[in-house]
Each structure stands twice: as structure tokens, then as C-alpha cells.
Amino acid sequence: MVETELKADLHRYLKQAREALLWKLDGLSEYDIRRPMTPTGTNLLGLVKHLIGVELMYLGYTFGRHFDGQVPWFGPTGRLEDMDFTTVDPTEEPNEDMWATADESREYVVGLYRRAWVHADATIEALRLDETGHVPWWSEGQDKPTLHRVLVHLIAEIQRHAGHADIVRELIDGAAGLREDNDNLAPGDRSWWEDYRNRLERVAREAGQS
């Protein structure tokens, strides 16, 4: 496989992961996209907000390609290149990038995420897969990855968060599925799924008692 084909494959999986995650916000209110649905506060809009930084860090900062814009939760200046990744500021809000304030609208967060895509995609197009960057928050000896490795890492991370979004959305209103054009679920109506879940519950209880 030539490099252009390999890069195109990786880029396609990256794009699919992005769209799958954003789709989980469709049709929900500003309240529901912010609802903390797990004991650790996992919420849909927070996942999107988090991934803005992930994409700009790995497909921007890592390769010296800085985002032409400010991100309010990127330190005092709002710019990644001014942040110190070697220390933790005890005055910073914990998990600031994992939830959106009431003033940070869906349109703002999603719009900024799409701008991050454009910046990240430009990096993918501009660099060879064997070009190396620098990830200062990775351990020594692992901190100079190639674009190829960064793309694999990023696809894995976004797909992981898309999986979180799958569960969170199902907890909110029961909506489930892989993506808009392919739910990748067994055929069945609400009654079938209730019976299926009840059967799994019975099996789990039997196993727990054995």
C-alpha cells in the first residue's frame, strides 16, 4: 500500500469517528447535552469540548502548527503554544475541558470543534506519515512520534469517546446506533429490546448465584 492510500484510510476513519460523536448531540436540548450521566460527570457536550483540545494538541501543537485562534480554556492567553505541559497549576479549574459552561453554547463548542478539524486536516495533508513531532506530555523515548502514530492514537481516542457518547445518549433518551446511516444494531422494536435486556439480567443473576 502506498503512503497516499494509507494516509487516506487513516483520515477516513478519523472523519468517521468525529461525525459519529457529533451525531449523538442531534435532537437534544441544551440541558440534555450537558447532563452528567455518570458518577464522574461524563456528558455529551463536554466530550466534544475535550476533543477540541485533543485535535489541536496532536495535529497542531505536536508538529509546530499552531491554531490561529483562541481557546478560552487553554490557559491565560487561550493559546496552546503558551502553555506549560510540565507542571500542573493548582489554581486551574479541574476538568475544565470536560464540561461546557452555560455561556458556551452548542453552536460555539461544535463550531470550534469543526475549526479544529480544519486545522488538523491541513496538518494531515501537509505532512508525510513518517514526519516526527514532539509530545511533551508523553514519556521520554516515546515523545517524538510520527504522524502515522499520532493518527492511530487520535483515532483510538476519538472512537473511545464516541463509545462514551453512545452510552450517554442511550441513558438520556434511549437513542442508540453506530452512526446516522447505519445503526449496526440487531433488528427489533422496543418490546424486543426490553425482552432481550430482561433475559440478560436473568442470566447475570443466575451467574452471580452460581
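Quick summary incoming for the structure in this document. Note that the structure is predicted; figures quoted are calculated from it, not measured.

1. A word on the pattern of salt bridges
This model, assessed by the stated rule, comprises 15 salt bridges. Two residues, Glu 104 and Lys 49, come together in a salt bridge whose shortest N-O distance is 2.8 Å. Residue Glu 104 is found in the loop between helix H3 (44-58) and helix H4 (106-126), and its partner Lys 49 is found in helix H3; the two are separated by 55 residues along the sequence. Among the residues examined, Lys 49 registers a relative accessible area of 2% and is labelled buried. Measuring nitrogen to oxygen at the nearest pair gives 3.5 Å for the salt bridge that ties Arg 128 to Glu 131. The partly exposed category is assigned to Arg 128, whose relative accessible area is 46%. Assessed through its relative accessible area of 23%, Glu 131 is described here as partly exposed.

2. Focus: the nonpolar core
One finds Leu 14, Ile 52, Leu 56, Leu 59, Tyr 113 and Leu 151 to be the most contacted residues of the largest nonpolar core, which totals 50 residues. Listing elements by their share of this core, those giving two or more residues are helix H1 (3-23), H3, H4 and helix H5 (147-173). Apart from residues lying up to four places away in sequence, Leu 59 is in contact with Leu 14, His 119, Ala 120, Thr 123, Ile 124, Leu 147, Val 150, Leu 151 and Leu 154.

3. Observations concerning the environment of Glu 206
Among the secondary structure elements, Glu 206 is positioned in helix H6 (residues 190-209). Expressed as a C-alpha distance, the spacing of Glu 206 and Asn 184, which sit 22 residues apart in the sequence, is 29 Å.

4. Concerning the environment of Arg 169
Its location among the elements puts Arg 169 in helix H5. A sequence separation of 117 residues divides Arg 169 from Ile 52, and the C-alpha atoms of the two residues are 20 Å apart. Engagement of the side chain of Arg 169 in a polar contact is seen with the backbone oxygen of Asp 26, the distance being 2.8 Å.

5. Section: the packing of aromatic side chains
Two aromatic rings are characterised by how far apart their centres lie and by the angle between their planes. This structure, assessed with the given rule, holds 8 aromatic pairs. Centre to centre, the rings of Trp 73 and Phe 74 are 6.3 Å apart; their planes meet at 75°, and the pair counts as edge-to-face. An identical accessibility class is assigned to Trp 73 and Phe 74; each is buried. Seen in terms of ring centroids, Tyr 113 and Trp 117 are 5.1 Å apart; in terms of plane orientation they differ by 70°. Their pairing is edge-to-face.

6. Points about a negative patch on the surface
On the surface, a cluster of negative charge is contributed by Asp 89, Glu 92, Glu 93 and Glu 96. Position of Glu 96 among the secondary structure elements: in the loop between H3 and H4.

Rules used in this analysis
- Residues numbered from 1 in each chain as written.
- Predicted model: local features only at pLDDT ≥ 70, side-chain atom pairs only at ≥ 80, totals over all residues.
- Heavy atoms only, no water.
- Salt bridge = Lys/Arg side-chain N within 4 Å of Asp/Glu carboxyl O.
- Helix = DSSP H or I, 4+ residues; strand = E, 2+ residues; numbered from the N terminus.
- Buried < 20%, exposed > 50% of the residue type's maximum accessible area, 1.4 Å probe, protein only.
- Core = buried A, V, L, I, M, F, W, Y, C linked by side-chain atoms within 4.5 Å.
- Contact = heavy atoms within 4.5 Å.
- Polar contact = N/O pair within 3.5 Å; in protein donor to acceptor, adjacent residues only side chain to side chain.
- Phe/Tyr/Trp six-rings, centres within 6.5 Å; stacked < 30°, edge-to-face > 60°.
- Patch = residues over 30% accessible without salt bridge, like charges linked within 9 Å, V, L, I, M, F, W, Y side chains within 5 Å.
- Areas by Shrake-Rupley, 256 points an atom, 1.4 Å probe, with all protein chains shown as cover.
- Lys, Arg positive; Asp, Glu negative; His and termini not counted.
- Charge placed at Lys NZ, Arg CZ, Asp CG, Glu CD.

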